[in-house]
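Chain residues, written in single-letter form:
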Amino acid sequence: MLRSSHYKYLITAYCIPVILLVWFITSYSVNVPVWDQFQLVSFFEKIASKNINLVDFFIQHNEHRIFFPKILFALLAFSSRWNIKLELYFSFVFAVVNFWLMYKIASASKSTNKSLFHLFNILTCLLIFSLVQYENWLWGFQIPWFFVNTCVILTVFILSVPKTWPPYLRLSLSAICCFTASFSLAHGLFSWLAVIPSVASIESTTTQKRIRLLLWIMLFALSSAIYSIGYQKPSHHPDTLFFLKQPLTTGLYFLSILGSPLSRLVWSAAVTGFVILLTFLSFNIYWIKNYKSRFAYDAAPWLSLGWFATLFALVTTLGRAGFGIEQSTSSRYTTVLILLVIACLQMWRLLIGYNQKWLKNNSYILPANYFVAGILTALFISVSTNAITQGQQIWLAKNSAKNCLEWVYFFDDSVTDLPDSCLPLYPKPAELKDFTKSLQNLGFRDFKNIAFVTQPINNYGHMNVPSANDQSITLSRSGGVNLSGLVTVPTHNQIPQTVLFSWGRNQSFFANTIVHSDSSTEENTFNSSKYKKATWEANILLKSLPPGETKIKSWIHDPEKNQFIKLNGEFKVNIISDNSPIKSIQFLSKSNPEYVGYLDAVQSNDGDKSIQRGDTVSASGWAILTLKTKQKHWIVLTYGLSNTPVAITGTGQSRPDVAEALENSNSVNSGWRVEFSSEVMPRGIHEVQAWIYEPTKNTAIPFGNAYQVEIR
């Protein structure tokens, strides 16, 4: 028995994961719609115009019918001007309900050892509120994942706990829950099959049980038939028969998805998944052998939850294994798969509770439980630490995307085609502009005009440029340039998260990049503690710029004054067509012993040396000036005997391996990287050369090596 003084420690143990989750959502949530959420805009417009019908609720979204979640989305959106954070807190509310229902189910069974009862329920609490589900916690569109879990757990609760309710009432309410789950997400259909053990556990004669099970299966068939009306397999999904073509890959996917709540690495997740699956199957065998026992009756709800998660894992494997094994550990899946781990833990608790003699005769059992609890707690801490890192990255990306949503009218349509764009979370800019008009008409957002300031009073930072003179760099239109610089703001201001790029005199942007964290690698131009600074870097493809000489300018946004502010420095570039000769730079035939550099690799972004025409090509290496201290160098990349320039970049990336090999700490940031389109080169085999560029002399000094690539 537990002493009354121990209950405060119990409450603390139960509250820790809940408090951690509330902090996580509060810290990393961003009030911005992304990805699939924009497909709800037209749905909201129909509601606002009173032109809505049942088909709009029933219509397929990927493989799902999100009929009931759409009702919830609409209620939350119109009551809060579509505040996405409200959706996130509703997910949290569903999780609280889920844990409360599970606690009540656990309380309904025999429990002679209160310490073990609370131990396993604290572990259940850790799993329900685990940050491993970070993708679902931080995306409002994922409410259905928690809602479906609530429907299934509520079904199990109704079938198992209120024993005084008439069987027909329990079955009717349970059927409503399963029907709701079926038309919330695709895997909700499996709830009908998963809860069969709980349906069968309702006290009745054998004939009554058979009739109820037959009726239950008929309801499942009816729901499936309604679901299939007008259903079409999403075109972007893998081959349905992939599991026959790649059975080993499919098997590994299945095991790793089962273990994903406890491990984020594929192979360790697969091993963990194998242990979980073996444990669950063992409980199934024990349940069948002891079908009429008290254990079987109390284990039925947990068996149902375990089967719901297992069926989800099985069908997801068949439908998604073709995307690759790495996709099996996707955070969004863990919300369902956690139920399988909980089911195994709770059935183990019941097995111990109904075998007290076995527990007394084997003294190692009790310590083993605490040992397993310790392992699960350690795993919880591990996945939570990783989730916090992921949460920070999601917050950064979504906060940048939130700004971009407000600036969308200033973006060219080419923005999303660039590697460092802040718009990958959205549709194309042209479509996004229509969406923003709809949001404004609905009263969900208010987008204001923004002024451009070319000569600010304060210094907000700069863009690194090759030289201070008027010399421009001539590059092909399919080439690329790597730009970098520094942002500085007063300490009381937030560092801007995005740098935007314009060309010529345009008051619009063709590219953007995300600002990095504070850096010590930049020269400390602003020694005053009154300023904060951060570095930025952008790989820019030039295909969106017109031929001719122009200047690339960099900008940041000041949210307080609602202004775009130009950074110091302008990159002068002369863009010519791919077939035009380039004679701007003088390429020297001999290397200079004072300059040391190496071209490490030239390959597609997928790491393939054989490059398809139209692919984005990535080149990287390092360069230093042996006799001088920390100094940034400009690198020009060329191909062919005529040394046709295709890209320009600067050193500054971290290369501790170079510093160690050369025993020179000044070369720790000697690395460089740049991207360009393969369309700059004709099909065939080409030799790519890297050069150190001297802007004052307009000369280029060759590296000691070249790299051969094939353009198909």
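About the cut-offs
- Residues numbered from 1 in each chain as written.
- Predicted model: local features only at pLDDT ≥ 70, side-chain atom pairs only at ≥ 80, totals over all residues.
- Heavy atoms only, no water.
- Phe/Tyr/Trp six-rings, centres within 6.5 Å; stacked < 30°, edge-to-face > 60°.
- Helix = DSSP H or I, 4+ residues; strand = E, 2+ residues; numbered from the N terminus.
- Buried < 20%, exposed > 50% of the residue type's maximum accessible area, 1.4 Å probe, protein only.
- Lys NZ or Arg CZ within 6 Å of the ring centre and 35° of its normal.
- Salt bridge = Lys/Arg side-chain N within 4 Å of Asp/Glu carboxyl O.
- pLDDT = per-residue confidence, 0-100.
- Contact = heavy atoms within 4.5 Å.
- Pairing = 2+ DSSP bridges.
- Axes fitted to C-alpha atoms, helices over the stretch in contact; angles between N-to-C directions.

**Student:** What's the story with the packing of aromatic side chains in this structure? I'm lost.
**Tutor:** The geometry of an aromatic ring pair is captured by two quantities: the separation of the ring centres and the angle between the planes. Tallied over the full model, the rule gives 49 aromatic pairs. The interplanar angle of 5° and the centroid separation of 5.5 Å between the aromatic rings of Phe73 and Phe141 together place this pair among those described as stacked. With Phe73 in helix H4 (residues 67–80) and Phe141 in the loop between helix H7 (134–137) and helix H8 (143–160), this residue pair connects regions lying 68 residues apart in the sequence. The burial state of Phe73 is the same as that of Phe141; both residues are buried. With 5.8 Å between their ring centres and 40° between their planes, Phe183 and Tyr227 make a pair best called tilted. Highlighted residues: Phe183 in the loop between helix H9 (167–182) and helix H10 (191–194) and Tyr227 in helix H12 (residues 206–227), separated in sequence by 44 residues. Take Phe183 and Tyr227: they sit in the same class, and that class is buried. The ring centre of Tyr227 lies 5.6 Å from the NZ or CZ of Arg65, which sits over that ring. Taking NZ or CZ as reference, Lys70 lies 5.1 Å from the ring centre of Phe43, over its face.

**Student:** What exactly am I supposed to notice about the pattern of salt bridges here?
**Tutor:** Pairs can form between side chains of opposite charge once their charged atoms are near each other. Scanning the entire structure with this criterion turns up eleven salt bridges. Notably, a salt bridge pairs Asp600 with Arg655, separated by 2.8 Å at the nearest N-O pair. Taken together, the positions of Asp600 in strand E14 (residues 595–604) and Arg655 in the loop between strand E18 (644–650) and helix H21 (656–662) put the pair 55 residues apart, joining distant regions of the chain. By relative accessible area, which is 26% here, Asp600 ends up partly exposed. By relative accessible area, Arg655 is classed as buried at 17%. When the shortest N-O distance is used, the salt bridge between Asp657 and Arg655 registers 2.9 Å. Salt bridges sharing partners connect three or more residues here, namely Lys551, Lys566 and Glu570.

**Student:** Can you help me understand the confidence of the model for the chain in this one?
**Tutor:** Residues shown with low pLDDT carry predicted positions that ought not to be read at fine detail. For the chain, mean pLDDT is 85; residues scoring 70 or higher make up 89% of the total. Note that residues 519–527 has pLDDT below 50 and, in this model, 13 contacts with residues that lie over four places away or in other chains.

**Student:** Can you help me understand the sheet that holds strand E19 (residues 671–677) in this one?
**Tutor:** In a beta sheet, neighbouring strands are held together by backbone hydrogen bonds and run either parallel or antiparallel to one another. If you trace the three strands from one edge of the open sheet to the other, you get E14-E16-E19, paired in antiparallel fashion. Bordering the open sheet on either side are E14 and E19, each of which pairs with just one other strand. Neighbouring strand axes in the sheet, compared pairwise and without regard to direction, differ in orientation by 20° on average. Across nine bridges, E14 lies against strand E16 (residues 616–625) in antiparallel orientation. Opposite Gly597, over in E16, you have Ala623 as the bridge partner.

**Student:** Please explain unusual backbone geometry as it appears in this structure.
**Tutor:** Leave glycine aside and you will find that most residues have negative phi; peptide bonds, for their part, are mostly trans. The backbone of Trp35 shows a phi angle near 50°, a positive value even though the residue is not glycine. Position of Trp35 relative to the elements: it lies in the loop between helix H1 (7–28) and helix H2 (41–48). With a phi close to 55°, Glu663 is a non-glycine residue in the positive phi region. Residue classification places Glu663 among the exposed positions, given a relative accessible area of 73%.

**Student:** Please clarify how the side chain of Ser130 should be interpreted in this entry.
**Tutor:** Note on placement: Ser130 falls in the loop between helix H6 (114–128) and H7. With residues up to four places along the chain from it excluded, the contact list for Ser130 reads Trp137, Ile338, Phe380 and Val383.

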